[in-house]
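Chain and residue survey
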Amino acid sequence: MSSITLALSKGRIFEETLPLLAAAGIVPADNPESSRKLIIGTNRPDVRLVIVRATDVPTYVQYGAADLGIAGRDVLLEHGGAGLYQPLDLDIARCRLCVAVPKGFDYAAASQPGGRIRVATKYIHSAKAHFAAKGMHVDLIKLYGSMELAPLVGLADAIVDLVSTGGTLRANNLEEVEEIMQISSRLVCNQASLKLKRELIQPVLDAFAGAIQ
């Protein structure tokens, strides 16, 4: 029997996806936060979930290891979106991609055309495009976590990171100085799967679309 696989990451995206899955009649058999299983069945024999790192969701879908996936716009921009159909902005896991600096840092002066600063981020492609559009010269330093530490120890002048409430920035004496873009999570689909398994995938797409209206 034909089946579909949906790639999800743990945490906020998974939790906010549950109502959408319910709208499509899909109920996970286990909670990934308490289960060690990486492949999770559902109440439907033709649907299973795979739990992967958020940054790996587009890759699993691109190469057909998953038919569908849910990933943030930030992740998709860094991935490049090759081989992916992005039919829906699900409007979940909302946040923003921002530039932040230590309080007291003169970002207005540093960000003038021709200015040069060091920026720590894991969003290299998005940051590069943003600063290039401003005519700035930027040395980008790729980090994978604890971005807020970089300016505090002299590794970077600024950071580009996701911000939700800004609490972590304030706790580390940093402030948001520029918003690059709004971020939300999107449904992505393997293009070949959409053609070969449309009778299974299309009802899920329709149910998700109806749930976010």
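Residues numbered from 1 in each chain as written. Predicted model: local features only at pLDDT ≥ 70, side-chain atom pairs only at ≥ 80, totals over all residues. Heavy atoms only, no water.

Some details on the UniProt feature "domain: ATP phosphoribosyltransferase catalytic" (unreviewed entry) in the protein chain
Mapped onto this numbering, the UniProt entry gives "domain: ATP phosphoribosyltransferase catalytic" (unreviewed entry) at residues 53-208. In the segment residues 53-208, helix accounts for 34% and strand for 34%; the C-alpha atoms at its two ends are 22 Å apart. (UniProt positions renumbered as here; feature names shortened; annotations may be inferred. Helix = DSSP H or I, 4+ residues; strand = E, 2+ residues; numbered from the N terminus.)

Description of the pattern of salt bridges
Counted under the stated rule, the structure contains 9 salt bridges. In this structure, the salt-bridge partner of E16 is R12, at a minimum N-O distance of 2.9 Å. With a gap of 4 residues between them, E16 and R12 both fall in helix α1 (residues 12-23), about one helical turn apart. Relative accessible area serves as the criterion here: at 39%, R12 is assigned to the partly exposed category. With its nearest N and O atoms 3.4 Å apart, the salt bridge here joins D30 to K37. K37 gets classed as partly exposed once you look at its relative accessible area, which sits at 47%. (Salt bridge = Lys/Arg side-chain N within 4 Å of Asp/Glu carboxyl O. Buried < 20%, exposed > 50% of the residue type's maximum accessible area, 1.4 Å probe, protein only.)

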